[in-house]
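In case you want the letters, here they are:
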Amino acid sequence: MFAIDGLMMAGVFLVLVIVTLFLGVRTVPQGSKHVVQRLGKYHKTLGPGLNVIIPYIDSVAYKVTTKDIVLDIPSQEVITLDNAVIIANAVAYINIVSPEKAVYGVEDYSFAIQNLVQTSLRSIVGEMNLDEALSNRDQIKAKLKGAISDDISDWGITLKTVEIQDINPSQTMQMAMEEQAAAERQRRATVTRADGEKAAAILEAEGRLEASRRDAEAKVVLAEASQAAIEKVTSAIQGNELPVMYLLGEKYVESIKEMSQGENAKIVLLPGDIPAAVRGIMGGFSK
């Protein structure tokens, strides 16, 4: 009887020893750290590898990763300096360097950093106009990193980098910008068309001016030629009216021909005695 009780006690003691050893030995994987509390108070932080703690007194309260953590910052509406509404979101890369500060300094560091980034992003973009906000991502990124790095360092967290994923005008702003762009294109087209019509009108006027100048020069040349011809004919006839009658008759026939080819010409009457008509003309000149 006593032997059986002794064996049972030995078994219970052995089990207690095994459980105690199990509770006193902690293996921490690479890329993690464990925060140990002693009687409810922070005691120490266990690094990767085999660690020994005091069973029943010490306990692992938090298991924290030391790898880089990617935090997706949700999209939000941001109002720029010129009262334009844009949609912006970001992504932050953080690393926990002091696990005890991260777990004891803030209730939920992920949620806290997300809100901190959103608040800082609204403040930074609110100091820019729409064009600056859409074209200066690097500037926003630098200001955003500087704004939150100091705050999260108090929680034992390092901000590796923060990137602006998307920053676009809201749907209403996009429609307004498209209408503005269409109006600007229409204005440019109107100006271009007006400039083209103006240039064409100038060229046409210059063409008419040049044609008139050429016509005037041609008339002068023809007049000079006619004068020279008349002078030669006058010196040649020397009182003989036959050559003069011939020339005037030729001109008379050409005039009658032009009259007959006019649009309003219906009937053209030719005199029966053209020489007599020519003599009449000459007589009119002589008077």
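Going by an unreviewed UniProt entry, the chain carries the name Regulator of protease activity HflC, stomatin/prohibitin superfamily and comes from Marinobacterium sediminicola. Per UniProt, the chain has the following entry under Subcellular location (unreviewed entry): "Membrane".

**Student:** So what exactly am I meant to see when it comes to the environment of D68 here?
**Tutor:** As for its position among the elements, D68 is in the loop between β5 (58–65) and β6 (69–79). Each C-alpha atom, one on D68 and one on A92, is 10.0 Å from the other, the two residues being 24 residues apart in sequence. In this view, D68 contacts I94, N95 and K160; residues no more than four positions away in its chain are not counted. At 3.0 Å, the side chain of D68 forms a polar contact with the side chain of N95. Within the structure, the side chain of D68 is placed 3.2 Å from the side chain of K160, a separation counted as a polar contact.

**Student:** Hey, could you run me through the packing of aromatic side chains in this one?
**Tutor:** The relation between two aromatic rings is expressed through the spacing of the ring centres and the mutual angle of the planes. One pass over the full model with this rule turns up two aromatic pairs. For the pair Y42 and Y104, a centre-to-centre distance of 5.9 Å together with 70° between the ring planes defines the contact as edge-to-face. Of this pair, Y42 sits in strand β3 (residues 41–46) while Y104 sits in helix α2 (residues 99–105); the two residues are 62 residues apart in sequence, bridging distant segments of the chain. We classify Y104 as partly exposed; its relative accessible area is 37%. Each ring, one from Y62 and one from Y104, has its centre 5.8 Å from the other, and the planes form 90°; the classification is edge-to-face. Of this pair, Y62 sits in strand β5 while Y104 sits in helix α2, placing them 42 residues apart in sequence. On the accessibility criterion, Y62 (33% relative accessible area) is partly exposed. Linked through ring pairs, Y42, Y62 and Y104 together constitute an aromatic cluster.

**Student:** Hey, could you run me through the pairing of β3 in this one?
**Tutor:** Each regular strand carries side chains that alternate between the two faces of the sheet. Alignment of strand β2 (residues 32–38) against β3, held across five bridges, turns out to be antiparallel. Bridge pairing in β3 links H34 to L46. Once β2 ends, the chain turns through two residues before running back antiparallel as β3, passing L39 with a positive phi of about 55°.

**Student:** Would you explain the pattern of salt bridges in this entry?
**Tutor:** Two side chains bearing opposite charge may form a pair once their charged atoms approach each other closely. For the structure shown, the criterion picks out four salt bridges. Between E210 and R213 there is a salt bridge; the shortest N-O distance is 2.7 Å. Placement of both E210 and R213 in helix α6 (residues 171–237) is noted, with a separation of three residues, approximately one turn of the helix. Judged by relative accessible area, which is 30%, E210 ranks as partly exposed.

**Student:** Just checking my understanding: could you explain helix α5 (residues 137–153) for this structure?
**Tutor:** Since one α-helical turn is 3.6 residues long, residues separated by three or four positions face the same way. The terminal C-alpha atoms of α5 lie 24 Å apart, and with 17 residues this matches the ideal 24 Å at 1.5 Å per residue to within 8%. Buried within α5 are the following residues: I140, L144, I148 and I152. Where the residues of α5 are buried, they touch α3 (109–125), α4 (130–135) and β8 (157–169).

**Student:** Where do I start with the sheet that holds strand β7 (residues 85–96) in this structure?
**Tutor:** Two modes of strand pairing occur in sheets, parallel and antiparallel, and in both the strands are linked by backbone hydrogen bonds. Pairing is antiparallel across the open sheet formed by three strands, whose spatial order is β6-β7-β8. A single partner strand is all that each edge strand has here, and the edge strands are β6 and β8. Strand after strand, the sheet turns through a mean of 20° between neighbouring axes, direction not considered. Where β7 and β8 come together, 11 bridges link them in antiparallel fashion.

Rules behind the numbers
- Residues numbered from 1 in each chain as written.
- Predicted model: local features only at pLDDT ≥ 70, side-chain atom pairs only at ≥ 80, totals over all residues.
- Heavy atoms only, no water.
- UniProt positions renumbered as here; feature names shortened; annotations may be inferred.
- Helix = DSSP H or I, 4+ residues; strand = E, 2+ residues; numbered from the N terminus.
- Contact = heavy atoms within 4.5 Å.
- Polar contact = N/O pair within 3.5 Å; in protein donor to acceptor, adjacent residues only side chain to side chain.
- Phe/Tyr/Trp six-rings, centres within 6.5 Å; stacked < 30°, edge-to-face > 60°.
- Buried < 20%, exposed > 50% of the residue type's maximum accessible area, 1.4 Å probe, protein only.
- Pairing = 2+ DSSP bridges.
- Salt bridge = Lys/Arg side-chain N within 4 Å of Asp/Glu carboxyl O.
- Expected span 1.5 Å × (residues − 1).
- Axes fitted to C-alpha atoms, helices over the stretch in contact; angles between N-to-C directions.

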